[in-house]
Amino acid sequence: MIRFDSVTKGYPDGTLAVDNLSLDAPSGQISVLVGPSGCGKTTSLRMVNRMIEPTSGRVLLDGRDTASIEPAELRRGIGYVIQQAGLFPHKTVLDNIATVPLLLGRSKREARNRAAELLELVGLPQTLAGRYPVQLSGGQQQRVGVARALAADPPVMLMDEPFSAVDPVVREQLQNEFLRIQAELSKTIIFVTHDIDEAIKLGDKIAVMRVGGTLAQFSPPAELLSR
Ligand code: ADP
Ligand code: ADP
């Protein structure tokens, strides 16, 4: 479980991005942070893997204060997916994914086998394995980004508007594939979106944030809809 315990983040210029946020993102579930632009979603997400440090409060991962875990160690257990897939442009699709198991000390053959498995998991044909990122559609690039984030088999995934840059038809496909993969893998996921429909479709629990960085509500989608 990921626990935000009275977490506040103020930026040096005085912006209060996150204001006393407390919530528990349960293990094996998708917790969605939703709210308008600027309400502190990305800041909250990045405090989980210590890309951003809280001004006060704590973020706990399975009961451990993340402040006491080296960022490099912490990030080995946390996949991170952003809106633009952020692929290495000079590496093929397969090598983009295989880089991760290689870094973790697997052999070349193991890394390539793992990458091929992940391509299949995210619904990409093996015929794309030798292409470079520029030769892929936006939706295909996002799939590779998800595959790369899964390559280390992290128990936790942080996803920041991962499907927002693609057209609505592809977005729906990606959402459906994401739910299928999650049903299989049961990761602990925090998913950021500004789209309430996406939040309701994907979230086991939904944290509604307000501008000013406060939490308005944290509930399952059914309770959200009933208000
Ligand atoms: P995201 O939710 O992924 O951060 P946004 O479109 O909300 O995407 O924000 C894009 C960038 O603009 C972010 O880096 C964010 O910090 C910044 N930003 C968001 N809201 C505001 C705002 N109200 N004023 C100034 N900058 C903002
Ligand atoms: P969201 O992801 O919901 O769009 P962000 O977490 O990106 O929101 O931003 C929350 C608030 O913090 C916004 O007002 C944004 O402008 C501000 N902000 C984000 N990053 C910085 C920064 N590096 N310095 C100052 N203010 C920032």
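Before going into details, it helps to say that this report is about the structure given with it. Here the structure is a predicted model, which is why all the values come from computation and not from measurement.

**Thoughts on helix H6 (residues 168-185)**
Logical step 1: Between the first and last C-alpha of H6 there are 25 Å, a value that for 18 residues agrees with the 26 Å anticipated at 1.5 Å per step.
Logical step 2: When H6 is considered as a whole, its buried residues turn out to be Val 170, Leu 174, Gln 175, Glu 177, Phe 178, Ile 181 and Gln 182.
Logical step 3: In this structure, the buried residues of H6 make contact with strand E3 (30-34), helix H4 (108-121), helix H5 (138-150), strand E7 (156-160), strand E8 (188-193) and helix H7 (196-202).
Logical step 4: Phi turns positive, to about 50°, at Ser 186, one or two residues after H6.

**Details of the sheet that holds strand E2 (residues 16-25)**
Logical step 1: With respect to topology, four strands assemble into an open sheet ordered E2-E1-E4-E5, the strand pairing being antiparallel. A strand with exactly one partner marks an edge of an open sheet, and here the two such strands are E2 and strand E5 (64-65).
Logical step 2: Bridge count between strand E4 (residues 56-61) and E5: two bridges; the pairing is antiparallel. Note that in E5 the partner of Leu 61 across the bridge is Arg 64.
Logical step 3: Lying over the sheet, helix H1 (residues 41-48) contacts strand E1 (2-10), E2 and E4, oriented at roughly 120° with respect to E1.

**Some points on the pairing of strand E10 (residues 214-219)**
Logical step 1: Across five bridges, the pairing between strand E9 (residues 205-210) and E10 is antiparallel. Bridged to Arg 210 within E10 is Thr 214.
Logical step 2: As consecutive antiparallel partners, E9 and E10 are separated by three residues, and within that stretch Gly 212 has a phi angle of approximately 105°, a positive value.

**A few points about the site of ligand 1**
Logical step 1: The environment of ligand 1 is made up of Ser 37, Gly 38, Lys 41, Thr 42, Asp 160 and Glu 161.
Logical step 2: Here an oxygen atom of ligand 1 and a side-chain polar atom of Ser 37 are 2.7 Å apart.
Logical step 3: Thr 42 is positioned such that a nitrogen or oxygen atom in its side chain is 3.0 Å from an oxygen atom of ligand 1.
Logical step 4: For ligand 1, the protein covers 32% of the area, taking 540 Å² as the surface of the free molecule.

**Describing the packing of helix H3 (residues 93-103) against H4**
Logical step 1: One way to put it is that H3 packs onto H4 with a least axis distance of 8 Å and a crossing angle of 125°. Compared by their axis directions, H3 and H4 come out oblique. Relative to H4, the crossing made by H3 is right-handed. Here Val 93, Leu 94, Asp 95, Ile 97, Ala 98, Pro 101 and Leu 102 of H3 come into contact with H4, specifically with Lys 108, Ala 111, Arg 112, Arg 114, Ala 115, Ala 116, Leu 118 and Leu 119.
Logical step 2: Its residues assigned to classes, the contact of H3 with H4 shows 11 nonpolar, no polar and four charged.

**Regarding unusual backbone geometry**
If a residue is not glycine, its phi is most likely negative; likewise, a peptide bond is most likely trans.
Logical step 1: Although it is not a glycine, Ser 6 adopts a positive phi angle of roughly 50°.
Logical step 2: One can find Ser 6 in strand E1.
Logical step 3: For Ser 6, a relative accessible area of 31% corresponds to the partly exposed category.
Logical step 4: Phi is positive for Asp 153, close to 50°, though the residue is something other than glycine.
Logical step 5: Along the chain, Asp 153 turns up in the loop between H5 and E7.

**Remarks on the packing of aromatic side chains**
Logical step 1: Applying the stated criterion across every chain yields a total of three aromatic pairs.
Logical step 2: Taken together, a centroid distance of 5.9 Å and an interplanar angle of 70° make the contact between Phe 163 and Phe 178 edge-to-face. In this pair, Phe 163 is assigned in the loop between E7 and H6 and Phe 178 in helix H6, connecting sequence segments 15 residues apart. Taken individually, Phe 163 and Phe 178 each receive the classification buried, so the pair is uniform in this respect.
Logical step 3: Residue classification places Phe 178 among the buried residues on the basis of a relative accessible area of 7%.
Logical step 4: In this structure, Lys 91 is placed above the aromatic ring of Phe 88, and the distance from its NZ or CZ to the ring centre is 5.9 Å.

Each value, and the rule that gives it
- Residues numbered from 1 in each chain as written.
- Chains lettered and ligands numbered in written order.
- Predicted model: local features only at pLDDT ≥ 70, side-chain atom pairs only at ≥ 80, totals over all residues.
- Heavy atoms only, no water.
- Helix = DSSP H or I, 4+ residues; strand = E, 2+ residues; numbered from the N terminus.
- Expected span 1.5 Å × (residues − 1).
- Buried < 20%, exposed > 50% of the residue type's maximum accessible area, 1.4 Å probe, protein only.
- Contact = heavy atoms within 4.5 Å.
- Pairing = 2+ DSSP bridges.
- Axes fitted to C-alpha atoms, helices over the stretch in contact; angles between N-to-C directions.
- Near = heavy atom within 4 Å.
- Polar contact = N/O pair within 3.5 Å; in protein donor to acceptor, adjacent residues only side chain to side chain.
- Areas by Shrake-Rupley, 256 points an atom, 1.4 Å probe, with all protein chains shown as cover.
- Parallel < 35°, antiparallel > 145°, perpendicular 65-115°, else oblique.
- Left-handed = near helix turned anticlockwise from the far one by under 90°.
- Nonpolar A, V, L, I, M, F, W, Y, C, P; charged D, E, K, R; others polar.
- Phe/Tyr/Trp six-rings, centres within 6.5 Å; stacked < 30°, edge-to-face > 60°.
- Lys NZ or Arg CZ within 6 Å of the ring centre and 35° of its normal.

Read these as geometric descriptors, not functional statements.
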